[in-house]
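Given next are the chains, with one letter for each unit.
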Amino acid sequence: MAEPSGYTGRFAPSPTGPLHFGSLLAAVASYLEARSRGGRWLLRIENIDPPREQAGAADAIVRALGAYGFDWDGPTDWQRDAGDAHRDALRVLLSRDLAYYCTCSRSDLSDAETGPLGAIYPGTCRGRPRPQGGDAAVRVLTDESLVEFDDRLQGRQSQHLAAESGDFVIWRRDGLVAYHLAVVVDDHRQGVTDIVRGIDLLDSTPRQIWLQRLLGYPTPGYAHIPVAVWDDGNKLSKATHAPSLPASSPGPTLARALAVLGQSPPDGLARKALPDVWDWAIANWDLSRVRGRTSVPGS
Ligand code: GLU
Ligand code: ZN
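Residues numbered from 1 in each chain as written. Chains lettered and ligands numbered in written order. Predicted model: local features only at pLDDT ≥ 70, side-chain atom pairs only at ≥ 80, totals over all residues. Heavy atoms only, no water.

S.K.: Hey, could you go over the coordination of the zinc ion (ligand 2) for me, with residue numbers and the actual values?
M.R.: Six octahedral donors at a metal ideally form angles of 90 or 180 degrees, and four tetrahedral donors ideally form angles of 109.5 degrees. The coordination sphere of the zinc ion (ligand 2), as far as protein atoms go, consists of C102 (SG), C104 (SG), Y121 (OH) and C125 (SG), spread over 2.1 to 2.3 Å. Taken together, the 4 donor atoms coordinating the zinc ion (ligand 2) and their angles of 103 to 122 degrees define a geometry best described as tetrahedral. In terms of primary sequence, the donors binding the zinc ion (ligand 2) are separated according to C-x1-C-x16-Y-x3-C. Of this pair, C104 sits in the loop between β4 (99-102) and β5 (114-115) while C125 sits in the loop between β6 (118-119) and β7 (137-140); the two residues are 21 residues apart in sequence, bridging distant segments of the chain. By relative accessible area, C125 is classed as buried at 1%. (Donors = N, O, S within 2.8 Å, 3.2 Å for Na, K, Ca; no water. Tetrahedral: all angles 85-135°; square planar, octahedral: opposite > 155°, others 65-115°. Helix = DSSP H or I, 4+ residues; strand = E, 2+ residues; numbered from the N terminus. Buried < 20%, exposed > 50% of the residue type's maximum accessible area, 1.4 Å probe, protein only.)

S.K.: Could you give an account of the sheet that holds strand β1 (residues 8-11), naming the residues involved and the relevant values?
M.R.: Whether parallel or antiparallel, the strands of a sheet pair through hydrogen bonds between backbone atoms. Reading across the sheet, the 3 strands line up as β1-β2-β3 and stay open at both edges, with parallel pairing between neighbours. Two strands bound the open sheet, and with one partner strand each, they are β1 and β3 (77-78). Across 4 bridges, the pairing between β1 and strand β2 (residues 40-45) is parallel. In the strand pairing of β2, T8 is matched with R40. Sitting on the sheet, helix α1 (residues 21-36) touches β1 and β2, and the angle it makes with β2 is about 150 degrees. Relative to the sheet, helix α5 (residues 179-189) contacts β1, β2 and β3, its axis offset from that of β2 by approximately 145 degrees. (Pairing = 2+ DSSP bridges. Contact = heavy atoms within 4.5 Å. Axes fitted to C-alpha atoms, helices over the stretch in contact; angles between N-to-C directions.)

S.K.: Describe the site of ligand 1, naming the residues involved and giving the relevant values.
M.R.: Within the structure, ligand 1 sits among R10, A12, P13, S14, E46, Y179, V183, R197 and L201. At 2.7 Å from an oxygen atom of ligand 1 is found a side-chain nitrogen or oxygen belonging to R10. At a separation of 2.5 Å, a nitrogen atom of ligand 1 approaches a polar side-chain atom of E46. Compared with its free state, where it exposes 300 Å², ligand 1 has 77% of that area covered by protein. Here the shell around ligand 1 is built from residues that sort into 5 nonpolar, 1 polar and 3 charged. (Near = heavy atom within 4 Å. Polar contact = N/O pair within 3.5 Å; in protein donor to acceptor, adjacent residues only side chain to side chain. Areas by Shrake-Rupley, 256 points an atom, 1.4 Å probe, with all protein chains shown as cover. Nonpolar A, V, L, I, M, F, W, Y, C, P; charged D, E, K, R; others polar.)

S.K.: Residue-level account of the environment of A228, with values.
M.R.: Looking at the secondary structure, you find A228 in strand β13 (residues 227-229). Residues in contact with A228, not counting those within four places in the same chain, are F21, G22, L25, N234, K235, L236, V296 and G298.

S.K.: I'd love a proper account of the packing of α5 against helix α6 (residues 205-215), names of residues and values included.
M.R.: At a minimum axis distance of 9 Å, the contact between α5 and α6 shows a crossing angle of 55 degrees. The pairing of α5 with α6 is recorded here as oblique in orientation. The handedness of the crossing between α5 and α6 is right-handed. Contacts from Y179, H180, L181, V183, V184 and V185 in α5 reach R207, Q208, L211, Q212 and L215 in α6. Its residues assigned to classes, the contact of α5 with α6 shows 7 nonpolar, 3 polar and 1 charged. (Parallel < 35°, antiparallel > 145°, perpendicular 65-115°, else oblique. Left-handed = near helix turned anticlockwise from the far one by under 90°.)

And the structure:
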């Protein structure tokens, strides 16, 4: 047994559909990084967006991870059960005037400038009193500072939030917590020290670091792994009809995941018993083999 290391990683899928090969890569990389360092690895189902959830997907994800031999620490965490923690964080930001209510409709924002992350909120509702009745979103204040961090795989990243996103939504108009606030509160609540996830979330990270700073949370380490793409370069996703992971004989699929993650599994590993596949993978894991890569073949 490795020494307890204080490392805590996690996998945090949204139950918008079953796991596919692309989501498996994030699960495998976060799991092996945690286990190879003697750390903990948590599973959090990010079921905060009922309108986008697919019936049965959450259970299918948990079942598939079990069938593939992932062994998470503690019970599965369900993000929707953390509503009190999300609302507490919202209250903190509002009470410190770091966030404000926004009643702008989509058409109010149709003239807003668009940046790489979408429409840049022009700050219309800043400083307005809390609206009486009706639905309002909540936005967090951003300023002119540059948010920078060193990604372990993708190198130094920086984003100028005021110019690139503007004040962003942390609580949705439909009453649901927004992804950025939920993920930051939950990683803190669960003591996550290191985040290994897909590079499609790289440009979300500065907004999440911004929230960590405002809430006084430590910033975890980040490593954004390449996404799995089809031959035409499109990302494997529900929208591009990525097939769900084969339920039986996970060995070959796991071996393929290890191969595209640069781990060079030996011939024959795919046919070994699952515990042997994992033993080899943990003993030989080296995350730096995908350093600087942004995509890997998904088919
Ligand atoms: N739930 C997010 C997703 O499935 C991932 C969140 C994260 O890893 O930070 O895209
Ligand atoms: Zn507004």
